[in-house]
Amino acid sequence: FAALRGGELLAPFIVAALEATSESAAFAALKRYDEERRRAFAGKWRMEKLVGLAVGTPMILNGAVRAMHRRKALADLLVGVAGDFVPPSAVLSVPFALTMLALALAPHQLSKAGARADVPASPSGA
């Protein structure tokens, strides 16, 4: 998606740069493309940095996984942003962050059998 969208964004600026009557006008056209590209992809890049931070920090990653296990819709949103069919603003928001934090920090719930209710049983049943 990013490659195709980037090409779509670039096309008119390439035409403007090729039709420019001076080097400075050509560079100005390409600078406008760079600004448009940053605007189009800034949310996605922020999301990628946050995922990288989480992956590199076990405590954050464990909390995020715990939150997504507790509420599948959060995982679906993240996958949607990664797949470019949900806008990054869906997860780059205070409500999303607070929900993730609350679910990540919520105490583990025990079932009547004594197993944690927020963790699936192992395949062997142990």
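Keep in mind the model is a prediction, meaning the values are calculated, not measured. (Residues numbered from 1 in each chain as written. Predicted model: local features only at pLDDT ≥ 70, side-chain atom pairs only at ≥ 80, totals over all residues. Heavy atoms only, no water.)

Regarding the overall build of the protein chain
Note the following rule: In this description a helix means any DSSP run of H or I spanning at least four residues, a strand means any run of E spanning at least two, and both kinds are numbered starting from the N terminus. Only protein chains enter the calculation, and the probe is 1.4 Å; a residue is then buried if its accessible area is under 20% of its type maximum, exposed if over 50%, and partly exposed in between. Here, Shrake-Rupley sampling with a 1.4 Å probe gives the accessible areas, and only protein chains in the shown set may cover a residue.
Summing up its helical and strand segments, the protein chain has five helices and zero strands in all. In the protein chain, the order of α-helices and β-strands from amino to carboxyl end is α-α-α-α-α. Taken over 126 residues, the protein chain has a buried fraction of 21%. Accessible area for the protein chain stands at about 8800 Å²; split by element, carbon and sulfur atoms hold 66% of it.

Re unusual backbone geometry
A negative phi angle characterises most non-glycine residues, just as the trans form characterises most peptide bonds. Within the chain, Asp 84 stands out as a residue other than glycine whose phi angle is a positive 65 degrees. Residue placement: Asp 84 occurs in the loop between α4 (72-82) and α5 (94-105).

Overview of the packing of α4 against α5
To keep it simple, the criterion reads: Note on method: axes are straight lines fitted to C-alpha atoms, helices fitted across the in-contact stretch only, with angles between N-to-C directions ranging 0 to 180 degrees. In what follows, roughly perpendicular refers to angles from 65 to 115 degrees, roughly parallel to angles under 35, roughly antiparallel to angles over 145, and oblique to any angle outside these ranges. Two helices that cross are described as forming a left-handed crossing if the nearer one is turned anticlockwise from the farther one by less than a right angle, and a right-handed crossing if clockwise. Contacts are assigned to residue pairs that have any heavy atoms within 4.5 Å of one another. The classification used treats Ala, Val, Leu, Ile, Met, Phe, Trp, Tyr, Cys and Pro as nonpolar, Asp, Glu, Lys and Arg as charged, and all other residues, Gly among them, as polar.
Two elements in contact, α4 and α5, have axes whose closest approach is 11 Å; the angle formed by their N-to-C orientations is 135 degrees. As the angle between them shows, α4 and α5 are arranged oblique. Two packed elements cross with a definite hand, and for α4 against α5 that hand is left-handed. When α4 is examined against α5, the residues Leu 74, Leu 77 and Leu 78 are found in contact with a partner set consisting of Phe 96, Thr 99, Met 100 and Leu 103. The class makeup of the residues in the contact of α4 with α5 is six nonpolar, one polar and no charged.

A look at the nonpolar core
The cut-off we apply is this: For this analysis, a nonpolar core means a set of buried residues of the types Ala, Val, Leu, Ile, Met, Phe, Trp, Tyr and Cys, connected via side-chain atoms within 4.5 Å.
In this structure, Met 47, Ala 64, Ala 67, Leu 74, Leu 78, Val 81, Val 86, Val 91, Phe 96, Met 100, Leu 103 and Ala 104 together form the largest nonpolar core, which totals twelve residues. Of all the elements in the fold, those that place two or more residues in this core are α3 (58-70), α4 and α5. Sort the elements by how many residues they give to this core and α5 lands first, with four residues. Setting aside anything within four residues of it in sequence, one finds Met 47 in contact with Leu 78, Val 81, Val 91 and Leu 92.

A short note on the confidence of the model for the protein chain
For clarity, the threshold we go by: The predictor reports its confidence for every residue as pLDDT, a score running from 0 up to 100.
Mean pLDDT over the protein chain: 86, with 86% of residues reaching 70 or higher. Low confidence marks residues 120-126, where pLDDT is under 50. Its contacts with residues over four positions away, or in another chain, come to one contact.

Things to note about a nonpolar patch on the surface
The test is simple: Surface patches are defined over residues having more than 30% relative accessible area and no salt bridge, joining like charges when they lie within 9 Å and nonpolar side chains (Val, Leu, Ile, Met, Phe, Trp, Tyr) when within 5 Å. Here, a salt bridge means any Lys or Arg side-chain nitrogen found within 4 Å of an Asp or Glu carboxyl oxygen.
A cluster of nonpolar side chains, namely Ile 14, Leu 18, Phe 27 and Leu 30, defines an oily patch on the protein surface of about 400 Å² accessible area. Within the residue set of the nonpolar patch, elements represented by two or more residues are α1 (2-19) and α2 (23-56). Tracing the chain through its elements places Leu 18 in helix α1. With a relative accessible area of 71%, Leu 18 lands in the exposed category.

Quick notes on α3
Applied cut-off: Residue count minus one, scaled by 1.5 Å, sets the expected span of a helix. The reported arc concerns the directions from the helix axis to the C-beta atoms and nothing else.
Between its first and last C-alpha atoms α3 spans 18 Å; for 13 residues at 1.5 Å apiece the expected length is 18 Å, and the two agree. Taken residue by residue, α3 has Gly 63, Ala 64 and Ala 67 as its buried positions. Burial along α3 is one-sided: seen end-on, the buried residues are contained in an arc of 100 degrees. Turning to α3, the residues buried within the fold contact α4 and α5.

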